Amino acid sequence: MTLIDTAPASLPDVAASVPDFDHERVLVVTGRRSGLTIIVAVHSTRLGQALGGCRVWQYDDWQDALADALRLSAAMTLKNAAAGLARGGGKAVIHVPRGTVLTEEGRHAAMLDLGDAVESLDGAYMTAEDVGTSAELMAIVALRTAHVCGLPPEQGGVGEPADATASGVFAAIGSTLDALDGSRDVAGRHIVISGLGQVGGRLARALTAGGARLTVTDVDTSKKALAAELGAHWVEPADAHTVNADLFVPCGLGGALSSRVIDELRVRGVVGAANNQLASRDGARRLADRGILWAPDFVVNGGGVIYLDGASTGDADLDAIELRVLAIGDTVTEIFRESAADGTTTLEAAERIAEARLHAA
Ligand SMILES: NC(=O)c1ccc[n+]([C@@H]2O[C@H](COP(=O)([O-])OP(=O)(O)OC[C@H]3O[C@@H](n4cnc5c(N)ncnc54)[C@H](O)[C@@H]3O)[C@@H](O)[C@H]2O)c1
C-alpha cells in the first residue's frame, strides 16, 4: 500500500524516476513545528519492522528529497536482508531547502516533527541517525516516539553505530584485498578514503594502525587536521578517485561513482561505507569491465544496522554482535565468488543473496 499524506501534482513523475517503485508506505508531511518537509519511506516490512536512519540534508526541492528517500529505503531492505536481520527497509529524509541554515532550535523542532511522523506509522518503521543527525538528536525524537534507536548511552541508548559500520567496512576491505591478492593484510597497501566523517575518520585511524598508506580527502577542509595527525596524504576531493592506489574507499555521500569517475579510477578495488555509490545501476558492469572489483555498498556498510538491531534489544550480546559485523567480510567473499562463477556483476550477486534471504522469510 502506498500512503501519501500530502499529494502534490508532480508526485507520479518523481515516482516514475525511481526504478521499481514498490514501497509499502510513503509519508510526506510538513513538520508542524519546523515547517520542513519530512519524508518517511517504508519500503518493506516483510522481514520485520523497517529500520533505517534519518537523513537531514539540503536538496533543490522536496521532490529530490523524496526520490532520495525512496532509493535509500529500498536499499535498506536489501541491506537488512543481506545482514541477516529480521528487519525490513525504511528511511526518513528531512528536506532542508538549499541555502537554509538550520538553527539549533530548528533542528530540535525538526526532530520532534520526525518523532510524530514515525509515531503515526504505528511501529512500521524505526528511525536512527544518519547523515546530518546524531545520537543526541535521536534523544529528541524519543520524546515523541519509542520507535527510535541509537540514543546516547548516558540517556539509556546504545550510542552511535559508526564504530560497527567502520568495523564492517574494515572486514570488507580485508575480503576485497584477499580476492585481489590472496591476503587480507592492509599493511603496505595504498588506500584512498574520500570522506573523513564518522565512519571514514574511524576507518582512517584503523587502517593507519594496520600499516596502510593513506591518501584522504573531504569537502570539509577542517579534516586536514586528521590527515596530518595520521600522516596521510591529502588531495582535493575532485582528484581523489584519480589517485593510483590499491583501493578507493568512498565514505562521503552517495552517487560518487559516475561513469566518468569509474572511467578515471586507477585502483583495483572499490569498497566503502557510502550509501548508493553507483550514480546509475550500469556502473556495476562498467566497473567489472574495467577489471575493478566493487564490493556492494549495501553489504559493506551493514555494520551499523547490525549493531543497532542487536544492541537495541534488552539482552544485547556485544560479542555476538561483533561476530555478525565481522561476518560482512564473509558475505563479501561469497558475493565475489558467485559473481566470478557466473559472470554477473557483484551488484547482481549481492542482490541475489539478499533476495534469497528476503524470500526465504
Ligand atoms: N554512520 C554510519 O554508521 C553509517 C552506516 C551506514 C552507511 N553510512 C553511510 O556512510 C557515509 C558516511 O557516513 P558518516 O556517518 O561517516 O557521515 P558523516 O556526515 O559523518 O561524514 C561524511 C563526510 O563526507 C564528507 N563529504 C561529503 N561529500 C563529500 C565529497 N563529495 N567528497 C569528499 N567528502 C565528502 C563530509 O564533509 C563528511 O566529513 C554516508 O553515505 C552514510 O549514509 C553510514
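From a predicted model like this one, the values you see are computed outputs, not experimental measurements.

## Here's the deal with the overall build of the protein chain
From N to C terminus, the protein chain includes 14 helices and twelve strands. With the C-alpha coordinates of the protein chain rotated into their principal frame, the extents come out at 55 × 45 × 45 Å. Considering the protein chain as a whole, with its 361 residues, one finds that 55% of them fall into the buried category. Counting only carbon and sulfur atoms, one obtains 51% of the accessible surface of the protein chain, whose full area is about 14600 Å². Separation between the mean location of the 30 positive side-chain charges and that of the 47 negative ones in the protein chain comes to 3 Å.

## Comments concerning the nonpolar core
Soluble globular proteins tend to pack their nonpolar side chains together in the buried interior. Core analysis: the biggest nonpolar cluster contains 79 residues, and Ile-173, Ile-193 and Leu-257 have the highest contact counts within it. A total of seven residues in this core trace back to one element, the largest contributor, which is helix 5 (residues 162-181). Shared between two domains, this core holds at least three residues of each, these being domain 1 (11-72 + 88-153) and domain 2 (162-359). Sequence-distant contacts of Leu-257, defined by excluding residues within four places in its chain, comprise Phe-248, Ile-262, Leu-265, Val-270, Gln-277, Leu-278, Ala-279, Leu-287 and Trp-294. Judged by nonpolar contacts, the second largest core, of 28 residues, contains Met-111, Leu-121, Ala-139 and Val-148.

## Digging into the domain arrangement of the protein chain
For the protein chain, the domain assignment lists domain 1 (11-72 + 88-153) and domain 2 (162-359). A separation of 25 Å is found between the C-alpha centroids of domain 1 and domain 2. Facing 15 residues of domain 1, the contacting portion of domain 2 comprises eleven residues. For the pairing of domain 1 and domain 2, the buried interface totals around 990 Å² over both sides, and the portion due to carbon and sulfur atoms is 62%. Ranking the residues of domain 1 by area buried against domain 2 places Arg-46, Leu-47 and Leu-51 at the top, with a combined share of 38%. Run the count over domain 1 and domain 2 and you get zero salt bridges. Our enumeration of links across domain 1 and domain 2 arrives at two residue pairs in polar contact (both at pLDDT 80 or more). Breaking the side of domain 1 that touches domain 2 down by element, the ones donating at least two residues are strand 4 (54-59) and helix 2 (62-82).

## Topic: the UniProt feature "active site" (unreviewed entry) in the protein chain
Look at the UniProt record and you will see "active site" (unreviewed entry) annotated at Lys-91. For Lys-91, a relative accessible area of 1% puts it in the buried group. If sequence neighbours within four positions are ignored, Lys-91 has contacts with Ile-39, Val-40, Ala-41, Gly-53, Ala-69, Leu-72, Ser-73, Met-76, Tyr-125, Asp-130 and Asn-275.

Conventions we followed
Residues numbered from 1 in each chain as written. Predicted model: local features only at pLDDT ≥ 70, side-chain atom pairs only at ≥ 80, totals over all residues. Heavy atoms only, no water. Helix = DSSP H or I, 4+ residues; strand = E, 2+ residues; numbered from the N terminus. Buried < 20%, exposed > 50% of the residue type's maximum accessible area, 1.4 Å probe, protein only. Areas by Shrake-Rupley, 256 points an atom, 1.4 Å probe, with all protein chains shown as cover. Lys, Arg positive; Asp, Glu negative; His and termini not counted. Charge placed at Lys NZ, Arg CZ, Asp CG, Glu CD. Core = buried A, V, L, I, M, F, W, Y, C linked by side-chain atoms within 4.5 Å. Domains from an automatic or database assignment. Contact = heavy atoms within 4.5 Å. Buried area = accessible area lost by both parts, 1.4 Å probe. Salt bridge = Lys/Arg side-chain N within 4 Å of Asp/Glu carboxyl O. Polar contact = N/O pair within 3.5 Å; in protein donor to acceptor, adjacent residues only side chain to side chain. UniProt positions renumbered as here; feature names shortened; annotations may be inferred.

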